[in-house]
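# Chain and residue survey
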Amino acid sequence: MVRSLFAPHVQRFVEVVLRQGKTGVSSGTLSITSSKSGAPFHEQRPFDRFKLIIPYGGQSLTWEVIFDGEHEEHPPDFIFDDTEFLPNIEDVHSLCEWTPRDTSCLLRSVHELLDLYRKKTASQLKDFSRLQFEYSSLIHQADLTESDVEVFFNRKSRNGPVNFLIRLPVDFSKIPPVLTRENLGEDSAVLLITFQTTEGVKIIPQLYLSPRVEQSLGETSALRIPSFPNGGCLMDYVPIVTELLTRKVDQIVKGFMKRKEYIASFLSVFGRSLIEYDAESFSQITFLLEYKHFFFLFSSFLPHNFPQEKPSFIFQSVYHASLGQPYTSTCTNYPYSPRWSGSEMAERARSFILEYIPSFQWNSVTNKC
């Protein structure tokens, strides 16, 4: 579609923006809309201008990008939706040194302009003492840099709301790759703080996780970030949320290693009877076991919150069926402690199986169809 609609000299820049356009604190994806040609309608020329939608500060900016349809060597012009944003062209090096053959020029220009816009909105805080204090104290005392915070003003009302979008300094690199491989993109966590008024009378926090992080840690609602305290400030609140996420990451990493230890211990105890096991995320294992010439399948399914939450033991008869399915019994009421080592869990499981299997055998026979 891009190739068929845009002029060739515009097309190559647009493709890079759509393919690589991640920007800002949220690493949000750039998108394009309202593509058109600047030529008179009757000339039917390819598109040479469009609107660029840019995630910023928990909202979106809309910048119009206008190329010269007749002079390929000229850099594009920009029309900003914020009429007070008037950047000095000399500060946008990618535009001053425009190289038509360099297909990344447009994307770099957007990044530079966005950085100037971020500085412009941050400078507006000087008119609001509470917001200026929150911003300056956050930058200097919460292990953040200026590029980690985006400020967004509501242009319709001078009194608010005002957004602070904050990139949290959490290390997600320790999360095992197998837990995050299905979703591409940068791992990140951002905190959106909305000041309903410039005096900071009502403050609403919201946490957003990138898809891979949310997949590995669970939904953001499960994290239960604290409400913003009355009389509190960002330099105290942001470290609290950062520490909460850091502990959650550590818990996930430790849980993964515990699952791996658990599966290894069961393989050590029952390995000769193995049918299958999850060798990547270590979430389940199945054996074919025998008790006094009675054969049955035994499976252990590990929950997401293992070892805090105990696994489910599933027993299946290889002889008998109930309602057309193998006779099955699920057990969660067995001795268990999350503090046990993997080897002790496996040994305790073997003891439980020996105690439970006579009743399971009897029930499978008497309940068969």
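A brief report on the enclosed structure follows.

What counts and how
- Residue positions are given per chain, counting from 1 as you read along its sequence in written order.
- For this predicted model, a pLDDT threshold of at least 70 governs which residues receive local features, and a threshold of 80 or more governs which side-chain atom pairs are given and counted, while totals over whole chains, interfaces and linings are taken from all residues.
- Values shown for side chains rest on all heavy atoms present in the structure; no hydrogens or waters enter the calculation.
- Exposure above 30% relative accessible area and the lack of any salt bridge qualify a residue for a patch; like charges then connect within 9 Å, and the nonpolar side chains Val, Leu, Ile, Met, Phe, Trp and Tyr within 5 Å.
- All accessibility values rest on the Shrake-Rupley procedure with a 1.4 Å probe; residue burial counts only the protein chains present in the view.
- The salt bridge definition used is simple: a Lys or Arg side-chain nitrogen within 4 Å of an Asp or Glu carboxyl oxygen.
- Secondary structure counts use DSSP, requiring at least four H or I residues in a row for a helix and at least two E residues in a row for a strand, with both numbered from the N terminus.
- Disulfide: a pair of cysteine sulfur atoms within 2.5 Å of each other.
- Exposure classes here rest on a 1.4 Å probe applied to the protein chains alone. A residue is buried below 20% of its type maximum, exposed above 50%, and partly exposed in between.
- Any N or O atom pair separated by 3.5 Å or less is treated as a polar contact, with the protein-specific requirement of one donor-capable and one acceptor-capable atom, and with residues adjacent in sequence counted only for side-chain atom pairs.
- We call two residues contacting when some pair of their heavy atoms lies within 4.5 Å.
- Among buried residues, the Ala, Val, Leu, Ile, Met, Phe, Trp, Tyr and Cys ones that are joined through side-chain atoms within 4.5 Å form a nonpolar core.
- Any two strands with at least two DSSP-identified bridges between them are counted as paired.
- Axis lines are fitted to C-alpha atoms, over the contacting stretch for helices. Their N-to-C directions set the angle, which ranges from 0 to 180 degrees.

## Let's talk about a nonpolar patch on the surface
A contiguous nonpolar surface patch, about 440 Å² in accessible area, is contributed by Ile275, Leu288, Phe295, Val318 and Tyr319. Looking at the secondary structure, you find Val318 in strand S14 (residues 312–322).

## Some thoughts on the state of the cysteines
Under the defined criterion, the tally for this structure stands at 0 disulfides. With no disulfide of its own, Cys105 lies closest to Cys96 among cysteine sulfurs, the gap being 11 Å.

## Comments concerning unusual backbone geometry
With omega at 10 degrees, the peptide bond leading from Phe306 into Pro307 counts as cis. Residue placement: Pro307 occurs in the loop between strand S13 (294–301) and S14. Of note in the backbone geometry, Phe282 takes a positive phi value of approximately 55 degrees without being a glycine. Here Phe282 is to be found in the loop between strand S11 (274–277) and strand S12 (284–291). Of note, Lys292 is a non-glycine position whose phi angle comes to about 50 degrees, a positive value. Within the secondary structure, Lys292 is located in the loop between S12 and S13.

## So, the environment of Lys260
By secondary structure assignment, the location of Lys260 is in helix H7 (residues 234–270). Judged by relative accessible area, Lys260 falls into the partly exposed class, the value being 40%. C-alpha of Lys260 to C-alpha of Gly342: the two residues are 82 residues apart in sequence and 8.8 Å apart in space.

## Thoughts on the side chain of Ser329
In this structure, Ser329 sits in strand S15 (residues 325–331). Overall, Ser329 belongs to the buried group, its relative accessible area being 14%. Polar side-chain contacts of Ser329 include one of 2.4 Å to the side chain of Tyr356. With residues near it in sequence (within four places) discarded, Ser329 still touches Phe313, Ile314, Phe315, Tyr356 and Phe360.

## Digging into the nonpolar core
In terms of nonpolar packing, the biggest core is built from 38 residues, with Phe164, Ile166 and Leu168 touching the most fellow members. If you list the elements that add at least two residues to this core, you get helix H5 (129–141), strand S7 (149–153), strand S8 (162–167), strand S9 (189–195), strand S10 (203–209), helix H6 (211–217) and H7. Take this core: its biggest share by element is 8 residues, from H7. Sequence-distant contacts of Ile166, defined by excluding residues within four places in its chain, comprise Val25, Leu138, Leu144, Asp148, Val149, Ala189, Val190, Leu191, Ile193, Leu234 and Val238. Residues Phe80, Trp98, Tyr117 and Phe152 belong to the second largest nonpolar core, which totals 31 residues.

## Some words on the sheet that holds strand S5 (residues 59–66)
Read from one edge to the other, the open sheet built from 4 strands follows the order S3-S4-S5-S6, with strand pairing classed as antiparallel. At either end of the open sheet lies a strand with only one pairing partner, and these are strand S3 (31–36) and strand S6 (77–80). For this sheet, the mean inter-axis angle between neighbouring strands, taken without regard to orientation, is 25 degrees. When S5 meets S6, the two strands line up antiparallel, connected through 4 bridges. Bridge assignment links Glu64 to a residue of S6, and that residue is Ile79. On top of the sheet, helix H4 (residues 105–123) reaches strand S4 (49–56), S5 and S6; it is set at about 50 degrees to S4, its chief contact.

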